[in-house]
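For reference, the chains in residue letters:
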Amino acid sequence: MVKAILFDLDGTLIDTLADIAGAMNRTFASFDLPSQPLSVYVKLVGGGSKNMVETLVPGHLDKQKVFAHYLMDYEQHSLVETRAYPGVHEALRHFQQAGLKLAVVTNKHHQQAVSLLKSLFPDIHFHAVQGVVEGIAKKPHPQMADTVLAQIDCKAEQCLYVGDTITDMKTAQAAGIPSVYVRWGYGEGSLDGQAPDFEIAEISQLPVLVQAPSDQEGKTMTLLAKNKAVPDKSAIAEKLIPVMQSYLVAGEQDKFVGQGAALLLSQLHFFIEQALPLEFILPGFPCKSPNDVDKSFSVMPDYGEVRAIERLDEFAGQLNEIYPPGCRVTILSDGTTFSDVVCVSEENKEAYKKALRSLTVTENISWADLTALLAPVKDNAAALSSEAKRKALVNRVASGPRAFEKFVNKVKGDSEQARVHDKLCSYLYHDIHLERFSEGDRDSYLESISEKAYQMMYRGRALSAGIEQAYPHHIRLSVHQYDNAGPKFTFALTDHQQKSISPWHTVPVRLLNGQYLQLPHSLAKEKQLAKVTLGQDNWLYLEVPATEFSRYQYQVIKGPKFGLKISAPQGLGYEIFSAGFLQQLSEEFGFVVLTKAGFEQQEQLLDFCQPFGDIYQWEFGPVHVVRPKEKPDGFVHSIEKTPLHWDLSMLPAGDKYVEQNPRFAASTFMLYCQTPPAAGEGQTTLVDSRMALKIAGQEKVNLWRETDITYQTKMTYFGGVPRSYPLVFKHPKTGEDIFRYQEGSELEMQKFLLSSERLSGQAFDDFIKDVNAIAYDERCLVAHEWQAGDLVIIDNLYTLHGRLPMSEKSMARELWRVQCFN
Ligand SMILES: [Fe+2]
């Protein structure tokens, strides 16, 4: 990744030409010289104003005097029409936040450049500015760029040079900096054979280059072909199409290729032309099916909703990677339109809606409801009752008195519509048949179903029209099966790409092989399952190896999926749980707690740990007894807080395991609670690092991957050799990004110090503050309250851990720790 960007000023960051030309023409007038048109200045601006005077002022005049006059005039009029180019200021802010160093190299007079930057970009800190001064050769000589590189302490190949003229491209080449030619400036595309490394048409394309991968030596761009133009608008749209297609449900009659893709392309162009974020709208997630026997198993969202939203989020994330202005998916979660028809209470519908919103982590997803459709036509729409909202909705498309009856007759007379009605009847029959006995005899029940189906069609039509009016340019995603010819595209909310499956009509099942399925409750129950709850709610089914497993209690500790607590029924132990099964679960949930595991001897714990891999042998043996000491020699054996870390991170570089694998660490470790601390203190903190990376967002994750942190502590078992790790690197087995961070400590008894080559001083402190805030975000942190006999199996790659401080009351706290690796 790029570490710094050097910008040319005139024609690249700011449009200065009109003010330069104005000052020059006023100067010429006072020397009785003719004015020049803008077209003349455009050609000369790259060489600087002195060069302009040299070229345009005849030899018999004192050019020095003319130039001095110009400088004075320009100083007073340099901000009359001068503006930053569209998007430039935002882009500079973006790069600044990402920790890049910014610099300017210009043939403008040095002081003028400095004061223009101060006026136009007051909140941007330029690490170096080099304008024309005595003693430094002007561009295209590389001396100015070289001076800047020395000031910002970067190598040429770690930077980009961005400019609009052939002078800039020559400068970059001479200085060895990868060059980016911008098409919006004064260069007018004439590069006279001087090929830039990259070419962009708008500033929004620059982040794509900045994020380009670097090679092992940190050289940026070597993976990218020389003289590669950044994809233009239609090339970007072309790249978005296959991503979109990969998330659609493709039935047998699918018409996406050709028909749907062509329509989508034109829709995408609308956003891309204006450099706007792509907008999608998906009506869905209305409320749970009330049939919790055959279809769902909860009135609240469960892990099925989480996975569906994750898929939408991942979809948006992939589009973001291609298209820098980004992408937003609005989910129109509207239970109100149909809730009375499908017999879902107001209370359940509202609870579902509220809980859904807490499931989104990133900015990619936003939520809307019926109010958003009614707002343009109804004052204070949010305050209306559900009944009034439904009325307002259908009134928007109703055609006079007895509109509903007329609609029903029309449906009856149209064979295709009548088929839709039949289908809806069958669907409703299944969805609400648990309610039928309160509805009287079978005939009148069927009659009521038919009526409800007409209502659904009538309201559905109004809903569709409302969406079109409220979101005219949004790309329509749907959970219903269409042929993808557009304008509605069927989004696959599950991995199942042939059929549209909604989590609100099914239950999530984790199969023994780790795959997930959404199954109707009736079908799921044909498998051997254990139910997992989150709080009071049903959350997920685990397929288990035998029926006995269903007798245990399974709870997720932190939603959506961090920490699985398993409790054995009275009198039973955990012998039936194989190490393989528990390891799978600890990888997936980050950690597994077995309550009242009851090991009396350390040997029993070791026997339990054996199948999880090789056991790390300390000088004192394989079991580390963690207990506060009267005179502690470090935080681990004290009552102070233990900062976040991962286990075996500080082995010295000469260790035999580290020599084989520089990123050697425990894969799993166990903590067994022999004696708990006093209540409310000494909890083990566990960080869900997958969630932490999600909270951080893609941009930070990219930056963290490039940021090495060096950790140093004098007092460890390992002799205090500093170790360096990037904040994010790949999981050795799955290839997923993992968050590898260790928190610093300023404790006198044991300092744990952090530093980085990339950042220093205040910038480093701010950076670490941000990392800490994310690691301690309550969405990814569990503080485990120990109970005697708890055994916690922790995946050391997907989690970080530490300990909260304790008082003297917890001096007897004793945990046994065993580290396994494989
Ligand atoms: Fe540890």
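Note that the coordinates shown come from a computational prediction; the quantities given were computed from them, not determined experimentally.

Thresholds applied
Residues numbered from 1 in each chain as written. Predicted model: local features only at pLDDT ≥ 70, side-chain atom pairs only at ≥ 80, totals over all residues. Helix = DSSP H or I, 4+ residues; strand = E, 2+ residues; numbered from the N terminus. Contact = placed C-beta atoms within 7 Å. Axes fitted to C-alpha atoms, helices over the stretch in contact; angles between N-to-C directions. Parallel < 35°, antiparallel > 145°, perpendicular 65-115°, else oblique. Left-handed = near helix turned anticlockwise from the far one by under 90°. Pairing = 2+ DSSP bridges. Buried ≥ 20, exposed ≤ 12 C-beta atoms within 10 Å, placed from the backbone. Nonpolar A, V, L, I, M, F, W, Y, C, P; charged D, E, K, R; others polar. Core = buried A, V, L, I, M, F, W, Y, C linked by C-beta atoms within 7 Å. Arc of directions from axis to C-beta. pLDDT = per-residue confidence, 0-100.

### Some points on the overall build of the protein
And step 1. Helix and strand content of the protein: 25 helices and 35 strands.
And step 2. Its C-alpha atoms give the protein principal-axis dimensions of about 105 × 85 × 45 Å.
And step 3. When contacts within the protein are restricted to residue pairs at least 6 apart in sequence, long-range pairs at least 24 apart make up 70% of them.

### Focus on the packing of helix 10 (residues 233-246) against helix 11 (residues 256-273)
When two helices pack together, you describe them by how their axes are tilted relative to each other and by the distance separating the axes.
And step 1. One way to put it is that helix 10 packs onto helix 11 with a least axis distance of 9 Å and a crossing angle of 130°. When the axes of helix 10 and helix 11 are compared, the pair comes out oblique. At the point where helix 10 passes helix 11, the crossing takes the right-handed sense. Facing Lys233, Ile236, Ala237, Leu240, Ile241, Met244 and Gln245 of helix 10, the residues of helix 11 in contact are Phe256, Ala261, Leu264, Leu265, Leu268, His269, Ile272 and Glu273.

### Description of the sheet that holds strand 28 (residues 723-726)
And step 1. The sheet built from three strands is open, its strands ordered 28-27-31 with antiparallel pairing. Whereas interior strands pair on both sides, the edge strands pair on one side only; in this sheet they are strand 28 and strand 31 (753-755). Along the sheet, successive strands turn relative to each other by an average axial angle of 25°, direction set aside.

### Description of unusual backbone geometry
And step 1. Residue Pro487 is bonded to the preceding Gly486 through a cis peptide linkage, with omega at 0°.
And step 2. Tracing the backbone shows Pro487 in the loop between strand 13 (475-478) and strand 14 (488-490).
And step 3. The amide bond that connects Gly559 to the next residue, Pro560, takes the cis arrangement and shows omega of -5°.
And step 4. With respect to the element layout, Pro560 can be found in the loop between strand 19 (553-558) and strand 20 (562-567).
And step 5. Despite not being glycine, Asp32 has its phi angle at roughly 55°, a positive value.
And step 6. Mapping Asp32 onto the fold places it in the loop between helix 1 (17-30) and helix 2 (38-44).
And step 7. Asp32 sits in the exposed class, given 7 other C-beta atoms within 10 Å.

### Describing the pairing of strand 26 (residues 684-688)
And step 1. Taking burial as the measure, the five residues of strand 26 include five buried ones, the bulk of the element.
And step 2. Residues of strand 26 alternate between two faces, with Thr684, Leu686 and Asp688 on one and Thr685 and Val687 on the opposite face, all of them buried.
And step 3. Strand direction decides the pairing type here: strand 26 and strand 32 (residues 781-784), joined by four bridges, are antiparallel. By the bridge assignment, Thr685 is partnered in strand 32 with Ala783.
And step 4. Two elements, strand 26 and strand 34 (residues 799-803), share five bridges in a ladder whose sense is antiparallel. Looking at the pairing, Asp688 lines up with Thr799 of strand 34.

### A closer look at the packing of helix 16 (residues 403-413) against helix 18 (residues 442-470)
And step 1. Helix 18 packs onto helix 16 with a crossing angle of 105° between their chain directions and a minimal axis gap of 10 Å. By the angle between their directions, the pair helix 16 and helix 18 is classed as roughly perpendicular. Contact residues: Phe404, Phe407, Val408 and Val411 in helix 16; Tyr454, Met457 and Tyr458 in helix 18.
And step 2. Broken down by class, the residue content of the contact of helix 16 with helix 18 amounts to seven nonpolar, no polar and no charged.

### Brief notes about the nonpolar core
And step 1. Counting 136 residues, the largest nonpolar core has Phe491, Val592, Met670 and Ala692 as its most contacted members.
And step 2. Ranked by residue count, the leading element in this core is helix 12 (residues 303-322), at eight residues.
And step 3. Once residues within four sequence positions are removed from consideration, Val592 is found in contact with Leu564, Ile566, Leu582, Leu585, Ser586 and Ile793.
And step 4. By size, the runner-up hydrophobic cluster in this structure holds 43 residues, among which are Leu6, Leu102, Leu117 and Val129.

### Points about helix 24 (residues 698-705)
And step 1. Those residues of helix 24 that sit buried are Lys700, Leu703 and Trp704. On an axial view of helix 24, the arc spanned by its buried residues comes to 100°, and they lie on one face.
And step 2. If you follow the buried residues of helix 24, they end up packed against helix 23 (689-696) and strand 29 (728-730).

### So, the sheet that holds strand 13
And step 1. Spatially, five strands are ordered 12-11-10-13-14 in an open sheet, and the strand pairing comes out parallel. In the strand order of this sheet, the two ends are held by strand 12 (365-368) and strand 14, each with one partner. Averaged over all adjacent pairs, the angle separating strand axes in this sheet is 30°, with direction ignored.
And step 2. As paired elements, strand 10 (residues 278-283) and strand 11 (residues 327-332) share six bridges and run parallel to each other. Bridged to Ile281 within strand 11 is Thr330.

### Considering the environment of Ile236
And step 1. Here Ile236 lies in helix 10.
And step 2. As a C-alpha pair, Ile236 and Ile272 span 36 residues in sequence and 8.3 Å in three-dimensional space.

### A word on helix 15 (residues 386-395)
And step 1. All of the buried residues in helix 15 are Lys389, Arg390, Leu393 and Val394. Down the axis of helix 15, the smallest arc covering the buried residues is 125°, so these residues share one side. In this structure, helix 15 carries Glu387, Lys391 and Asn395 as exposed residues pointing more than 90 degrees from its buried face.
And step 2. Residues of helix 15 that are buried in the fold lie against helix 14 (370-374) and helix 18.

### Observations concerning the environment of Ser289
And step 1. Looking at the element boundaries, Ser289 is found in the loop between strand 10 and helix 12.
And step 2. Here the alpha-carbon distance between Ser289 and His505, two residues 216 residues apart in the chain, equals 5.4 Å.
And step 3. The contact partners of Ser289, leaving out residues within four places of it in the chain, are Lys295, Ser296, Asp431, Trp504 and His505.

### So, the confidence of the model for the protein
And step 1. On average, residues of the protein carry a pLDDT of 90, and 95% of them reach 70 or more.
And step 2. Every residue in residues 215-227 is under pLDDT 50, and counting partners more than four places away or in other chains gives 21 contacts.

### Concerning the environment of Asp8
And step 1. Tracing the sequence through the fold places Asp8 in the loop between strand 1 (4-7) and strand 2 (14-15).
And step 2. A count of 28 C-beta atoms within 10 Å places Asp8 in the buried class.
And step 3. Distance from Asp8 to Gly46, taken between C-alpha atoms, is 9.3 Å for residues 38 residues apart in sequence.

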